[in-house]
Amino acid sequence: MAAPLAGHAQDSYPSRPIKLVVPFPPGGTTDVLARTIADPLGKVLGQTVVVENRNGAAGRIGSEYVIRAKPDGYTLGIATVSSHAVTPVVYENISYDVNRDLAPITRLASVPNVLTIGPAIQAADMKAFVAMLKQKPGYYTYGSAGTGSEANMMGELFKLSSGTDMMHVPYRGSSPALQDALGGQIAAVFDNLPSSLPFIRSGDLKALAIAYPERIDALPDVPTFAEVGMPEVNDASWFGLVAPKDTPPETVHKIYQATAQVLAMPDVKQKLAGFSAVPVGNPPAEFAAELKAEIDKQRDIAKRANIRLK
């Protein structure tokens, strides 16, 4: 068991359990990651870390809960591209500003994104698929986990980058989208890799490209989007740890140190690898810069694709 972090005698943080808020339902990648780190993080800090799911409104409910919490280090949140970069720029009447109202702690992990096609689409590779799309603009469809989701934004960026036109079909999560791709109702799916990987490994879906800095061991024959000539689509998904603004810097630093220690543990790394997540654990200032850059990127995509939701 990991030893609690040493500190000055007068430093009492943490002196009670810590709440870790997940802005999505139980069972998804975000929830699994949170539960993977919660127990070892609690052991390092010397207090229990309790995962609490506050889902709804495309991540807004959980995000707002963390933002409005007392900035004392006892309420933390999981940040994702979808909830903390896409939702704030595509939805109207957002009551908060992620850059202003949160204290970034660290990027926990990165996860590849992927484009898959169903068995009804006879394309050997990305070049053939793009050629097929250009022959019939607007005819083929792609599915995502919902309008305004990270996958939807990836799909629109793919269209802009490849010079193609596909019709977006939104679903309530990636699972029904994948099932419809299998059944031939839609041509393609943009998704986080963990939920698509079993179908790729079974041969039921064909992966055309992954969004990640380099090829991954799980799919060594699948090129990155950069390799197929679409580098702007090549950004991976990520999960981060945040606290309310005005959380004391020394508290933020202590949580960051503890989290980095957890992410370096072999068993944690092994569990994360089980759903294609790569641990990161970078410093707060670096993660803050990444978060701002992600928001700027998603705002640009939303503007170029004319995505605005109520």
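Brief notes about the overall build of the chain
Next up, step 1: A count of helical and extended segments in the chain gives eleven helices and eleven strands.
Next up, step 2: Compactness check: the chain gives a C-alpha radius of gyration of 20 Å against a globular reference of 19 Å for 310 residues, within 12% of the reference.
Next up, step 3: Per-residue burial for the chain yields a buried fraction of 55% across its 310 residues.
Next up, step 4: The contacts of the chain with a sequence gap of at least 6 include a subset with a gap of at least 24, amounting to 77%.

Section: the sheet that holds strand E11 (residues 278-279)
Next up, step 1: Spatially, the six strands line up as an open sheet ordered E2-E1-E3-E10-E4-E11, and their pairing is mixed. Looking along the sheet, the strands with just one partner apiece sit at the ends: strand E2 (49-53) and E11.
Next up, step 2: In the packing of helix H3 (residues 81-90) onto the sheet, contacts are made with strand E3 (75-80), strand E4 (102-111) and strand E10 (237-244), and the angle to E3 comes to roughly 70°.

Some words on the side chain of Thr 164
Next up, step 1: Within the secondary structure, Thr 164 is located in the loop between helix H6 (150-162) and strand E7 (167-170).
Next up, step 2: Discounting residues that sit within four places of it in the chain, Thr 164 has contacts with Val 130, Leu 133, Lys 134, Phe 158 and Lys 159.

Quick word on the layout of surface pockets
Next up, step 1: For the largest pocket, the calculated volume is near 900 Å³.
Next up, step 2: Along the wall of the largest pocket there are 36 residues; nearest its centre are Phe 24, Ser 82, Ala 145, Ser 149 and Gly 173.
Next up, step 3: Among the elements of the structure, helix H1 (29-45), H6, helix H7 (174-183), strand E8 (188-192) and E10 are those that each provide at least two residues to the lining of the largest pocket.
Next up, step 4: Along the lines of polarity and charge, the residues of the lining of the largest pocket split into twelve nonpolar, 20 polar and four charged.

Brief notes about the packing of aromatic side chains
Next up, step 1: Applying the stated rule across the entire model yields six aromatic pairs.
Next up, step 2: On the basis of an interplanar angle of 90° and a centroid distance of 5.2 Å, the ring pair of Tyr 142 and Phe 190 is categorised as edge-to-face. Residue Tyr 142 is found in strand E6 (residues 141-144), and its partner Phe 190 is found in strand E8; the two are separated by 48 residues along the sequence.
Next up, step 3: When its relative accessible area of 1% is taken as the criterion, Phe 190 is described as buried.

Quick notes on the rules
- Every chain is numbered on its own, with residues counted from 1 as its sequence reads.
- This being a predicted model, a pLDDT of at least 70 is required before a residue's local features are given, and a value of 80 or more before pairs of side-chain atoms are given or counted; all residues contribute to the totals for chains, interfaces and linings.
- Side-chain descriptors were evaluated using all non-hydrogen atoms of the structure, hydrogens and water having been removed beforehand.
- Numbering of helices and strands runs from the N terminus, with a helix taken as a DSSP run of H or I at least four residues long and a strand as a DSSP run of E at least two residues long.
- With the radius of gyration taken over C-alpha atoms, the globule rule is written as 2.2 Å times the number of residues to the power 0.38.
- Relative accessibility under 20% of the residue-type maximum defines a buried residue, over 50% an exposed one, and the middle range a partly exposed one, all with a 1.4 Å probe and only protein chains included.
- Should any heavy atoms of two residues lie within 4.5 Å, those residues are considered in contact.
- Strand pairing is defined by DSSP finding a minimum of two bridges between the two strands.
- In this description, a line fitted to the C-alpha atoms serves as the axis of each element, helices being fitted only across the stretch in contact, and the angle between N-to-C directions of two axes falls anywhere from 0 to 180 degrees.
- Only protein atoms enter the 1 Å grid, on which a cavity is a set of points fitting a 1.4 Å probe that cannot get out and a pocket is an open set with protein on both sides within 12 Å along at least 5 of 7 lines, lining residues being those with an atom within 4 Å of a point.
- Grid points are joined across faces, edges and corners, and a volume is the space filled by probe spheres set on the points.
- The residue classification treats Ala, Val, Leu, Ile, Met, Phe, Trp, Tyr, Cys and Pro as nonpolar and Asp, Glu, Lys and Arg as charged. All others, Gly included, are polar.
- Pairing of aromatic side chains requires ring centres within 6.5 Å, counting the rings of Phe and Tyr and the six-membered ring of Trp. Pairs whose planes differ by under 30 degrees are stacked, by over 60 edge-to-face, and all others tilted.

Distances and angles like these do not, on their own, reveal function.
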